[in-house]
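Topology and contacts: notes
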Amino acid sequence: MKASNRTATARCAKVAAGARLTPCRGPRLPFGRTAARRGGVARVVLEPTTAPAADAAPKTSVPSGGDPWEDEKWTKYKWTIYRGVAYDLTSYLGQHPGGRWLLNLAVGRDATALFESYHLRPEVAAARLKRLPVLEGFPVDAVPRSPRPNDSELYNTIRERVRKEVFKGTEVKGAHRSGSEGAALAVLGYAAAAYALYTYDANPLTGALLGLSGAWIGLTIQHCGNHGAMSTIPLVNNLLGLTNDLAGGSSLMWRYHHQVSHHIHCNDDALDEDVFSAFPILRFDDRLPGFWYHRWQHIYMWALFPFLQLVFQSIVLAATFAVSHNVPETKPLDAGPTQAALDQVSNERDWGVQQVLTSANWGGVVGNFFTGGLNLQVVA
Ligand SMILES: [Zn+2]
């Protein structure tokens, strides 16, 4: 069993007196599906009954509502769930200001955290969302519940301060999504030069330079483009996002892996796909079992990847992620309310506290330039 699953099981085992039975989060699964649906072992956990009443989903579903992902009754809709209510996004796909690719991330899941973490003015976005068709009788309870960022006082405070002190109202005009054209050209220019050099003379040095260009693209323009953050024009964001494919990845997979898994369940060792590595071949986590050959992994890791470009790209990206993101177990916290918050099951935790406590700032101005700002994971 992976350490992560052991940890999840350990958390599931935490029981409290006077508790109710609810499904526990299962082993790591891609997106929006439960272990029970995939034939996994269904588990239950006892949770305290002291959860705020406001957390309870509105009763818009019926137990016999069917399977949201299999029954034609529901699959004919582009359904999503926001705070316990199912909406049909079909008519809105072509109208979403952030473009269809971003809205697609919400289809087929509880998109509450996606929605609340993407919109700087959630009151405006929520008003538009609530004009969409509601799917009465939808089996909302069959869908894994998303975290609810707007329930976090910390998150709301940070967002309000960013709006007032950093953007100063410019988010209304979309200025916060532009202004990085020169940086984007620098990254693309370097990548073109490195590719030309490698094509002209393939050797370890030019391979390393090309690898660095892939990592630089990955951290900057593809990341921000796929987030819809480089421009107010979805086409520009999409084109910059496609540079992920140029660097050897898949922008389509990245959007789901990064935005749905990593951003929503940041540093959650059961649900964040970025927490996982190439174990058992490589071991970066001392909670995983150590085998005799790991003693030489710093040597043989170089031979595992046939292309120098991918070696350098992967190592640079892995190192960047390792310092930016910290699962709770690697960052000892004082016992108290914050640690207690992280001990809650995923969808009961304070979303803002989870994001801030398990992330880190590093690298200053230099790190800022080379990562497109990804070195600043916590608001300073
Ligand atoms: Zn991101």
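The rules we used
- Residues numbered from 1 in each chain as written.
- Predicted model: local features only at pLDDT ≥ 70, side-chain atom pairs only at ≥ 80, totals over all residues.
- Helix = DSSP H or I, 4+ residues; strand = E, 2+ residues; numbered from the N terminus.
- Buried ≥ 20, exposed ≤ 12 C-beta atoms within 10 Å, placed from the backbone.
- Contact = placed C-beta atoms within 7 Å.
- Pairing = 2+ DSSP bridges.
- Axes fitted to C-alpha atoms, helices over the stretch in contact; angles between N-to-C directions.
- Parallel < 35°, antiparallel > 145°, perpendicular 65-115°, else oblique.
- Left-handed = near helix turned anticlockwise from the far one by under 90°.
- Nonpolar A, V, L, I, M, F, W, Y, C, P; charged D, E, K, R; others polar.
- Core = buried A, V, L, I, M, F, W, Y, C linked by C-beta atoms within 7 Å.
- Domains from an automatic or database assignment.
- Arc of directions from axis to C-beta.
- pLDDT = per-residue confidence, 0-100.

1. As for the overall build of the protein chain
- Secondary structure summary: the protein chain contains 17 helices and four strands in total.
- Per-residue burial for the protein chain yields a buried fraction of 32% across its 380 residues.
- Looking at the protein chain alone, contacts between residues at least 24 apart form 65% of all its contacts between residues at least 6 apart.

2. So, the pairing of strand 4 (residues 85-88)
- Relative to strand 4, strand 3 (residues 79-82) runs antiparallel, the two being bridged by four bridges. Of the residues in strand 4, the one forming a bridge with Tyr82 is Val85.
- Linking strand 3 back to strand 4 in an antiparallel pair, the connection comprises two residues, with Arg83 at a positive phi of about 45 degrees.

3. Some details on the packing of helix 7 (residues 181-200) against helix 8 (residues 204-219)
- Between helix 7 and helix 8, the least distance of the axes is 9 Å, while the angle of their chain directions is 155 degrees. Overall, the two elements helix 7 and helix 8 adopt an arrangement that is roughly antiparallel. As for how helix 7 packs across helix 8, the hand of that crossing is left-handed. Along the contact surface, helix 7 presents Val187, Tyr190, Ala191, Ala194, Tyr195, Leu197 and Tyr198, while helix 8 presents Thr206, Gly207, Leu209, Leu210, Ser213, Trp216 and Ile217.
- Here the contact of helix 7 with helix 8 is built from residues that sort into 11 nonpolar, three polar and no charged.

4. So, unusual backbone geometry
- Even without being glycine, Arg83 reaches a positive phi, approximately 45 degrees.
- Considering the arrangement of structural elements, one finds Arg83 in the loop between strand 3 and strand 4.
- Exposure remark for Arg83: the 21 C-beta atoms within 10 Å place this residue in the buried category.

5. Thoughts on the nonpolar core
- The biggest cluster of nonpolar side chains holds 26 residues, and the ones touching the most others in it are Ile81, Tyr82, Ala86, Tyr87, Ala106 and Leu114.
- Counting residues per element, the ones that place at least two in this core are strand 3, strand 4, helix 3 (100-104) and helix 4 (112-118).
- It is helix 4 that contributes the most residues to this core, four residues altogether.
- Each of two domains, domain 2 (56-146) and domain 3 (177-276 + 307-371), supplies a minimum of three residues to this core.
- Not counting the four nearest positions on each side in its chain, Ile81 is found in contact with Ala86, Asp110, Ala111, Val140 and Val143.
- Core analysis: the second largest hydrophobic core is formed by 17 residues, Ala184, Trp216, Ile217 and Cys224 among them.

6. Some thoughts on helix 10 (residues 234-241)
- For helix 10, the complete set of buried residues consists of Asn237, Leu240 and Gly241. Taken around the axis of helix 10, the buried residues stretch over an arc of 105 degrees, which confines them to a single face.
- Buried positions along helix 10 lie against helix 7, helix 9 (221-226), helix 11 (243-246) and helix 12 (251-262).

7. Looking at the confidence of the model for the protein chain
- Looking at the protein chain as a whole, its pLDDT mean stands at 79, while 77% of the residues score no less than 70.
- In the model of the protein chain, strand 1 (residues 19-23) stands out as the element of lowest mean pLDDT, 31, in contrast to strand 3, which has the highest, 97.

8. Notes on the environment of Thr112
- Topologically, Thr112 is positioned in helix 4.
- Under the C-beta neighbour-count criterion, Thr112 is labelled buried, with 25 such atoms within 10 Å.
- Thr112 sits 35 residues away from Pro147 along the chain, and the two C-alpha atoms are 6.9 Å apart.
- The residues contacting Thr112, other than those within four sequence positions of it, are Tyr82, Arg83, Ser146 and Arg148.

9. Quick look at the environment of Tyr195
- When you line up the elements, Tyr195 lands in helix 7.
- You can call Tyr195 partly exposed: it has 17 C-beta atoms within 10 Å.
- As for Tyr195 and Leu209, which are separated by 14 residues in sequence, their C-alpha atoms are 8.5 Å apart.

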